[in-house]
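The lines below spell out each chain.
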Amino acid sequence: QVQLVESGGGVVQAGGSLRLSCAASGSIFSIDTMGWYRQAPGNQRELVARITSGGSTNYTDSVKGRFTISRDNAKNTVTLQMNSLKPEDTAVYYCNAAVLGSYYYNYINYWGKGTLVTVSS
């Protein structure tokens, strides 16, 4: 019943910016940690950034200072602002959220289908 839908992916030149967003919908009571992961061909899916319900954040070292994660708890959305993009950032970006459904006792991890970000050199 819970879905995560990403948007904002596309093609951008190196040094440019892109903003990804993810909206959670369905029978949601609350959302704990939300995050962005990415996966490039030949690599494992890796954490890019995450943010707790209280606003605490962490980032993988390669994006620190360039990416900013934020959330709007009222709208059940999480955003990843990506600046100074590099070709190495090219990957499919996936939204992740720990969601407590309205009719459940425990949090469940949900994943979006992913959105492709391509950074050209």
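Refer to the structure above for everything that follows.
Residues numbered from 1 in each chain as written. Predicted model: local features only at pLDDT ≥ 70, side-chain atom pairs only at ≥ 80, totals over all residues. Heavy atoms only, no water.

Enquirer: Whenever I open this one, the state of the cysteines confuses me. Can you help?
Expert: In a disulfide, the sulfur atoms of two cysteines are covalently bonded to one another. The tally for this structure, following the rule as stated, stands at one disulfide. Paired by a disulfide, Cys22 and Cys95 hold their sulfur atoms 2.1 Å apart. Its S-S torsion of about -85° marks the bond between Cys22 and Cys95 as left-handed, since a negative value means left-handed. Of the two residues, Cys22 is situated in strand S3 (residues 18-25) and Cys95 in strand S9 (residues 91-101); the sequence distance between them amounts to 73 residues. Judged on exposure class, the residue Cys22 and its partner Cys95 are both buried. (Disulfide = S-S within 2.5 Å. Helix = DSSP H or I, 4+ residues; strand = E, 2+ residues; numbered from the N terminus. Buried < 20%, exposed > 50% of the residue type's maximum accessible area, 1.4 Å probe, protein only.)

Enquirer: Would you mind going over the environment of Gly65 with me for this structure?
Expert: As for its position among the elements, Gly65 is in the loop between strand S6 (57-59) and strand S7 (67-72). Given a relative accessible area of 85%, Gly65 falls into the exposed group. Distance from Gly65 to Ala14, taken between C-alpha atoms, is 16 Å for residues 51 residues apart in sequence.

Enquirer: Sorry, what's going on with the packing of aromatic side chains here?
Expert: A ring pair, where both rings are aromatic, is described by two values, the distance of the centres and the angle of the planes. Applying the stated rule across the entire model yields one aromatic pair. Here the basic side chain of Arg45 rests over the ring of Tyr94, its NZ or CZ set 3.7 Å away from the ring centre. Positioned over the ring face of Trp111 is Arg45, at 4.8 Å from the centre of the ring. (Phe/Tyr/Trp six-rings, centres within 6.5 Å; stacked < 30°, edge-to-face > 60°. Lys NZ or Arg CZ within 6 Å of the ring centre and 35° of its normal.)

Enquirer: Explain the sheet that holds strand S8 (residues 77-82) here, please?
Expert: Picture the strands of a sheet paired through backbone hydrogen bonds; they go either parallel or antiparallel. Strand order in the open sheet formed by four strands is S1-S3-S8-S7, and the pairing between neighbours is antiparallel. Single-partner strands in this sheet number two, and they are strand S1 (3-7) and S7. Taken pair by pair, the neighbouring strands of this sheet meet at an average axis angle of 15°, ignoring direction. (Pairing = 2+ DSSP bridges. Axes fitted to C-alpha atoms, helices over the stretch in contact; angles between N-to-C directions.)

Enquirer: Explain the pairing of strand S11 (residues 115-120) to me, please; I cannot follow it from the model alone.
Expert: Within a regular strand, the side chains alternate between the two sheet faces. Across the two faces of S11 the burial differs, with Thr115, Val117 and Val119 buried and Leu116, Thr118 and Ser120 not buried at all. With four bridges connecting them, strand S2 (residues 10-13) and S11 associate as parallel partners. Pairing of Val12 across the sheet is with Val119, part of S11. In this structure, S9 lies alongside S11, joined through three bridges in antiparallel fashion. Of the residues in S11, the one forming a bridge with Ala91 is Val117.

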